[in-house]
Amino acid sequence: MRTIGLIGGMSWVSTLEYYRLLNESVATRLGGLHSARILMESVDFADIEELKLADRWDLVAGHLAAAGRRLESTGADLIVLCTNTMHHVAADIESSLSVPFVHIADTTASAIRAAGLSRVGLLGTAFTMEQSFYVDRVAAHSIEVLVPPADDRSRLSAIIYDELCHDVMTAESRDFYLAATDRLVARGAEGIVLGCTEIELLIGADDLEVPVFPTTALHVEAAVDLALR
């Protein structure tokens, strides 16, 4: 079994979910007392977010690439960045490594194509929904990506940062997320991408009538596929 290196802490809530899902997946596949071989470097999210808000993506890239290199130097055979938004600097991280980097948008796009869909709605932080780094990466797989209108984007993002990143889940926020997905489906979305690693703690496949693509769970399965290959 290869060792999975996690760059985590963004937020700790979803990184905890990565750790749980990785171990559950390995245990399911191998049985017995098997668990995943994992190395983790967990950053202080406040530091990273401050740099993001200051538009210092060069420093964000430097911090996260250094974390990836440290994981590789201590034995990680592949690297997983446990966040969608910070994949804005994925190319910088990947280019600094000599081990595989598992890109969350690619794993999500592969699942969408496997489901036979070509148009999906994207939920996530405002940055992920509004910038091109994620939408274009998915679109490169011949998938059209719809994003919510500005008012929806603002509230969806605020719920992530003000509630989900603090492990707070409310019925009111869940209802808003479901209403936002309904509006995307009404515009032609054939499925919904939960494009922030905390969202699948709030809503899931049982809540919607269209296919749901939970990026954390899909990222985990791709990492385990590679670790056990």
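Predicted model, so just to flag it, every value in this text is computed and none were measured. (Residues numbered from 1 in each chain as written. Predicted model: local features only at pLDDT ≥ 70, side-chain atom pairs only at ≥ 80, totals over all residues. Heavy atoms only, no water.)

Draft legend 1. A look at the overall build of the protein chain. Within the protein chain, the regular secondary structure consists of 10 helices and eight strands. Taken against the 2.2 N^0.38 rule, which gives 17 Å for 229 residues, the C-alpha radius of gyration of the protein chain at 17 Å falls within 12% of a compact globule. By the burial criterion, 53% of the 229 residues in the protein chain qualify as buried. The contacts of the protein chain with a sequence gap of at least 6 include a subset with a gap of at least 24, amounting to 72%. (Helix = DSSP H or I, 4+ residues; strand = E, 2+ residues; numbered from the N terminus. Rg over C-alpha atoms; globule rule 2.2 N^0.38 Å. Buried < 20%, exposed > 50% of the residue type's maximum accessible area, 1.4 Å probe, protein only. Contact = heavy atoms within 4.5 Å.)

Draft legend 2. Quick look at the state of the cysteines. The final tally for this structure, using the stated rule, is zero disulfides. Cys196 supplies the cysteine sulfur nearest to Cys165, a cysteine that is in no disulfide, at a spacing of 6.1 Å. Taking relative accessible area as the criterion, Cys165 reaches 10% and is therefore assigned buried. On the basis of relative accessible area, Cys196 is assigned to the buried category, the value being 5%. (Disulfide = S-S within 2.5 Å.)

Draft legend 3. Just the packing of aromatic side chains, in detail. Counted under the stated rule, the structure contains three aromatic pairs. Between Phe127 and Phe133 the ring centres are 5.7 Å apart and the planes differ by 35°, which places this aromatic pair in the tilted class. Each member of the pair, Phe127 together with Phe133, is buried. Each member of the aromatic cluster is reached from another via a ring pair, and the members are Trp57, Phe127, Phe133 and Tyr134. Over the ring of Phe176 we find Arg155, and its NZ or CZ is 4.3 Å from the ring centre. (Phe/Tyr/Trp six-rings, centres within 6.5 Å; stacked < 30°, edge-to-face > 60°. Lys NZ or Arg CZ within 6 Å of the ring centre and 35° of its normal.)

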